[in-house]
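Single-letter residue listing:
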Amino acid sequence: MQAETDNSAHKTLAEAARERRDIVSGEVMPEHRLVRFVASPDGVVTPDVARKLPGRGIWVAADRASIEAAAKKNAFARSAKAKLTVPDGLADLVEKLLTKRVLDALGLARRSGDLTSGFEKVMSAVRGGKAAWLIEASDGAADGRSKILNLARHMTPQPRVIGVFTSAELGLALGAENVIHTAFLGGRSAKSWTQDVERLAGFRPLLPEDWREER
């Protein structure tokens, strides 16, 4: 019983250590819902989407409006208690960095066997309940995509869908050509990737507008 109590206390402390306060809203939330920033040696606000750069972290909710508000209201400098320079287009830079992080993770997942690509292989993964995410090229044909999404609608739980990357972008990330349909298989890697995708969703829609009728 004592061991169970100690483990619970340790877990609670670990969870608390992964929570940070958004400098805009003042809300305390998990790190994976925030973007970390640090001050560079010359006093420039620098995004740290991997949360690894040295220095005191400044945390902002992972969405465009919050980062733009932090820049407009001088919240970075107030939080750091120092004069800081906020680069123009900071929210755009964060979106670019998150996009690269999400795509790079797909390449790692392919090498570790956590991805499968191609229409038939993706359909099989969906039928088997193995697909956590369906990654569809934004410029892919509607016919194949609709068949996959229609099958996914009948699964419990349903795979989530992302369609923000072109076939060329997916191909570059995966080291392949003509990448249209990809499934990220469920597991620890998918859970970690989901956190970054959800941060990216604060900056750009995960689905093209004209896909919504297909879902």
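Just so you know, these numbers come straight off a predicted model, no measurement behind them. (Residues numbered from 1 in each chain as written. Predicted model: local features only at pLDDT ≥ 70, side-chain atom pairs only at ≥ 80, totals over all residues. Heavy atoms only, no water.)

Tell me about the sheet that holds strand β5 (residues 58–61), and please be specific about residues and values.
Here three strands make up an open sheet; going across it, the order is β4-β3-β5 and the pairing antiparallel. One side of each edge strand has no neighbouring strand; the edge strands of this open sheet are β4 (45–48) and β5. When strand polarity is set aside, the average angle formed by the axes of neighbouring strands in this sheet is 35 degrees. Both strand β3 (residues 34–39) and β4 contribute to a ladder of four bridges, which runs antiparallel. The partner of alanine 39 across the bridge, within β4, is valine 45. Those strands touched by helix α2 (residues 64–72) are β3 and β5, and its axis lies near 130 degrees from that of β5. Together, β3 and β4 form the strand contacts of helix α4 (residues 90–111), whose direction differs from that of β4 by roughly 25 degrees. (Pairing = 2+ DSSP bridges. Helix = DSSP H or I, 4+ residues; strand = E, 2+ residues; numbered from the N terminus. Axes fitted to C-alpha atoms, helices over the stretch in contact; angles between N-to-C directions. Contact = heavy atoms within 4.5 Å.)

Lay out the packing of aromatic side chains in plain terms, naming residues and giving numbers.
All told, the structure shown has three aromatic pairs when counted by the stated rule. Aromatic side chains tryptophan 133 and tryptophan 193 sit 5.4 Å apart centroid to centroid with 90 degrees between the ring planes, which places their arrangement in the edge-to-face category. Residue tryptophan 133 is located in strand β7 (residues 131–136), and its partner tryptophan 193 is located in helix α8 (residues 188–200); the two are separated by 60 residues in the primary sequence. With a relative accessible area of 2%, tryptophan 193 lands in the buried category. (Phe/Tyr/Trp six-rings, centres within 6.5 Å; stacked < 30°, edge-to-face > 60°. Buried < 20%, exposed > 50% of the residue type's maximum accessible area, 1.4 Å probe, protein only.)

Pulling in residues and values, what's your account of helix α5 (residues 119–127)?
Buried within α5 are the following residues: Val122, Met123, Ala125 and Val126. The arc that holds the buried residues of α5, viewed along the axis, is 160 degrees, so those residues lie on one side. Residues Glu120, Lys121 and Arg127 are exposed on α5 and point more than 90 degrees away from its buried face. In this structure, the buried residues of α5 make contact with β6 (115–117), β7, α6 (142–153) and β9 (181–185). Remark: glycine 129 follows α5 within two positions and exhibits a positive phi of approximately 70 degrees. (Arc of directions from axis to C-beta.)

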